Amino acid sequence: EDDEESYYRFMKENPNAGVGVLAAGSDDEDLVGGGGVHTEYDDDGNPLPSNAKKLIDPLPMIYHSEINYAPFERNFYTEHAEIKALSSAAVVDLRRRLNLRVSGPSPPKPVTSFAHFGFDEVLMRAIRKLEYTQPTPIQAQAIPAALSGRDLIGIAKTGSGKTAAFIWPLLVHILDQPALAPGDGPIGVILAPTRELSQQIYAEAKRFAKPYGITVVCAYGGGSKYEQSQDLEAGAEIVVATPGRMIDFVKAKATNFLRTTYLVLDEADRMFDMGFEVQVRSICNHVRPDRQTLMFSATFKKRIEKLARDVLTDPIRIVQGEIGDANADITQDVHVFRSGSSEKWDWLLANLVGFTSSGSLLIFVTKKANAVEL
Ligand code: ADP
Ligand code: MG
């Protein structure tokens, strides 16, 4: 079982879990939210069977009116001459070609080239180095919105380049602000549902942040709390975190949201599926209300829509492609084997050479011991 599976099993076995009063004062590992499954990890990061059912309390109430937040600039977007010249018919046509559906108050026009974003040479060099030739469709529409300082909700399938769509504008946003002073918390906070996703976002953010000398820290349940809090206390402009761990560190005063002006909820639907709704909302309530908020999700169900209404201000809604589809470039081929038999090993051995000669092979196993054995 991975932590998601064990969560669903636990919820099935304990339909009333998390209903009622939250347990007080947990200061431990990341939790699967309001539902109350507590996943612990051993030193190698493998989930341990969970017995303890501790909960992470959401953050306490905060009174923003009593805090003296510094003003900040949120609009860094100047429409490129080529984009300015597009007629509204051409915009409709471009959105159709990119398979974009856009709603919300006065959304910016989509763009067609990296040159239209107005990024500086440092960022353009990093993008060229990766050999990206043009923005993906979601980037073409979401980046002008994000650079304009707008809240947005982006719905697009996996692999559509959403990470860069919120990282690049975040870097522009950070560069405009005064450097962090000792004790300052992050300017950009990115929440993700799992440690794997937060690590992926962290890797991508670091790649683009590094040339600017911008620091990124990743904080997730299961990682070393000591190291993560040391990194946070040393100061980082960007924090990528799972919600429970983020709350832990704010409570422990390892960091704070006083400088946070850019908040991203990535894979919001999965955060909900995993029961993080209470934590996510409490973090949103703790960040100054006039921040910029970006939310990404692969689906747009009722609860996501409700969250969007509650935590976003006049958002632009961008849907790219068909909601809920698997990526059409991927062929899924499923084989089911009887458990306990050697069938899967025989099958694997018979196919291994073929797979590795035509590409790469990724094998998932349940436990560390299985990985070693394999
Ligand atoms: P998502 O979050 O939408 O699932 P990712 O942000 O993880 O997708 O991006 C998927 C892959 O596409 C990553 O390997 C990323 O580096 C790459 N990518 C992002 N933007 C572009 C681009 N404009 N052109 C080519 N590849 C890109
Ligand atoms: Mg993503």
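Quick caveat, the model's predicted, so the values are computed rather than measured. (Residues numbered from 1 in each chain as written. Chains lettered and ligands numbered in written order. Predicted model: local features only at pLDDT ≥ 70, side-chain atom pairs only at ≥ 80, totals over all residues. Heavy atoms only, no water.)

**Q** Just give me the short version of the pairing of strand E9 (residues 238-241), but keep the residues and values in it.
**A** Going residue by residue along E9, you find Ile238 and Val240 tucked away on one face and Val239 and Ala241 tucked away on the opposite face as well. Where strand E7 (residues 188-191) and E9 come together, four bridges link them in parallel fashion. From the neighbouring strand, Leu191 faces E9, where its bridge partner is Ala241. Here four bridges tie strand E8 (residues 216-219) to E9, and the two strands are oriented parallel to one another. Note that in E9 the partner of Cys218 across the bridge is Val240. (Buried < 20%, exposed > 50% of the residue type's maximum accessible area, 1.4 Å probe, protein only. Helix = DSSP H or I, 4+ residues; strand = E, 2+ residues; numbered from the N terminus. Pairing = 2+ DSSP bridges.)

**Q** Please set out the packing of aromatic side chains residue by residue, giving values where relevant.
**A** On inspection of all chains with the given rule, the structure shows nine aromatic pairs. Here the aromatic cluster, defined as three or more aromatic residues joined through ring pairs, consists of Phe114, Phe117, Phe119, Tyr132, Trp168 and Phe208. (Phe/Tyr/Trp six-rings, centres within 6.5 Å; stacked < 30°, edge-to-face > 60°.)

**Q** Would you mind going over the pattern of salt bridges in detail, with residue names and values included?
**A** Tallied over the full model, the rule gives eleven salt bridges. The partner of Arg338 in a salt bridge is Glu343, with the nearest N and O atoms 2.6 Å apart. Overall, the relative accessible area of 26% leaves Glu343 in the partly exposed class. (Salt bridge = Lys/Arg side-chain N within 4 Å of Asp/Glu carboxyl O.)

**Q** Talk me through the nonpolar core; I want residue IDs and the actual numbers.
**A** General note: in soluble globular proteins, nonpolar side chains tend to be found buried as a group. Phe119, Phe166, Ile167, Trp168, Leu171, Ile190 and Ile238 are the most contacted members of the largest nonpolar core, which has 49 residues in total. Listed by contribution, the elements that provide at least two residues to this core are helix H4 (121-129), helix H5 (137-147), helix H6 (162-175), helix H7 (195-209), E9, strand E10 (262-265), strand E11 (292-297) and strand E12 (316-320). Counting residues per element, this core draws most heavily on H6, which supplies eight residues. (Core = buried A, V, L, I, M, F, W, Y, C linked by side-chain atoms within 4.5 Å.)

**Q** How would you sum up the packing of helix H8 (residues 225-234) against helix H9 (residues 243-251)? Please name residues and give values.
**A** Between H8 and H9, the least distance of the axes is 11 Å, while the angle of their chain directions is 65°. Remark: the crossing between H8 and H9 carries right-handed chirality. From H8, Lys225, Gln228, Ser229 and Leu232 reach across to H9, where they touch Arg245, Asp248 and Phe249. Its residues assigned to classes, the contact of H8 with H9 shows two nonpolar, two polar and three charged. (Axes fitted to C-alpha atoms, helices over the stretch in contact; angles between N-to-C directions. Left-handed = near helix turned anticlockwise from the far one by under 90°. Contact = heavy atoms within 4.5 Å. Nonpolar A, V, L, I, M, F, W, Y, C, P; charged D, E, K, R; others polar.)

**Q** Could you give an account of the packing of helix H11 (residues 277-286) against helix H12 (residues 302-311), with specific residues and numbers?
**A** Geometrically, a packed helix pair is captured by the angle between its two axes and the distance between the axes. Taken N-terminus to C-terminus, the directions of H11 and H12 make an angle of 15°; their axes are 11 Å apart at the nearest point. Here H11 is positioned roughly parallel relative to H12, judged by the angle of their axes. H11 and H12 meet at a crossing whose hand is right-handed. Residue-level inspection shows Glu277, Arg281 and Cys284 of H11 in contact with H12, the latter providing Arg303, Lys306, Leu307, Asp310 and Val311. Its residues placed into classes, the contact of H11 with H12 shows three nonpolar, no polar and five charged. (Parallel < 35°, antiparallel > 145°, perpendicular 65-115°, else oblique.)

**Q** How would you explain the pairing of E8 if you had to name every residue and give the values?
**A** Because side chains alternate across E8, one face comprises the buried residues Val216 and Cys218, and the other comprises Val217 and Ala219, equally buried. As for the winding sense of the linkage, the β-α-β connection from E8 through H8 to E9 is right-handed. (Right-handed = clockwise from strand over helix to strand, strands pointing away.)

**Q** Can you break down the sheet that holds E8 residue by residue, with the values?
**A** Spatial strand order, E5-E12-E6-E11-E10-E7-E9-E8: eight strands in an open sheet with mixed pairing. This sheet does not close on itself; its edge strands, each paired only once, are strand E5 (100-103) and E8. The mean inter-strand angle of the sheet, taken between neighbouring strand axes irrespective of direction, is 15°. The pairing of E7 with E10 spans four bridges and is classified as parallel. Residue pairing for E10: Ile190 is matched across the bridge by Val264.

**Q** How would you sum up a nonpolar patch on the surface? Please name residues and give values.
**A** Where nonpolar side chains cluster on the molecular surface, the patch consists of Trp345, Leu361, Ile363, Val365 and Leu374 and spans about 390 Å² of accessible area. Looking at the secondary structure, you find Leu361 in the loop between helix H13 (343-358) and helix H14 (368-373). Among the residues examined, Leu361 registers a relative accessible area of 34% and is labelled partly exposed. (Patch = residues over 30% accessible without salt bridge, like charges linked within 9 Å, V, L, I, M, F, W, Y side chains within 5 Å. Areas by Shrake-Rupley, 256 points an atom, 1.4 Å probe, with all protein chains shown as cover.)

**Q** Run through the site of ligand 1, naming residues and quoting values.
**A** In the region of ligand 1, 15 residues are neighbours, and Tyr132, Gln139, Gly159, Lys162 and Thr163 sit closest. With respect to ligand 1, the backbone of Ser160 contributes an N or O atom lying 3.1 Å from an oxygen atom. Between Thr163 and ligand 1, the recorded distance is 2.6 Å, taken from a side-chain N or O atom to an oxygen atom. Burial of ligand 1 by the protein amounts to 71% of the accessible area it has alone, namely 570 Å². Those elements that provide at least two residues to the shell around ligand 1 are H6 and H7. Considered class by class, the residues forming the shell around ligand 1 number three nonpolar, eight polar and four charged. (Near = heavy atom within 4 Å. Polar contact = N/O pair within 3.5 Å; in protein donor to acceptor, adjacent residues only side chain to side chain.)

**Q** Explain H11 to me, using residue names and the numbers behind them.
**A** Counted residue by residue, H11 has eight buried out of ten residues, so it is predominantly covered. Within H11, burial applies to Glu277, Gln279, Val280, Arg281, Ser282, Ile283, Cys284 and His286. Looking at the buried residues of H11, the elements they touch are E7, H9, E10, helix H10 (268-273) and H12.

**Q** Describe unusual backbone geometry, listing the residues and the values that go with them.
**A** The backbone phi angle of Glu131 is positive, close to 60°, even though this residue is not glycine. Topologically, Glu131 is positioned in the loop between H4 and H5. Judged by relative accessible area, Glu131 falls into the exposed class, the value being 68%. The phi dihedral of Asp314 falls on the positive side, at around 40°, and the residue is not glycine. Its location among the elements puts Asp314 in the loop between H12 and E12.

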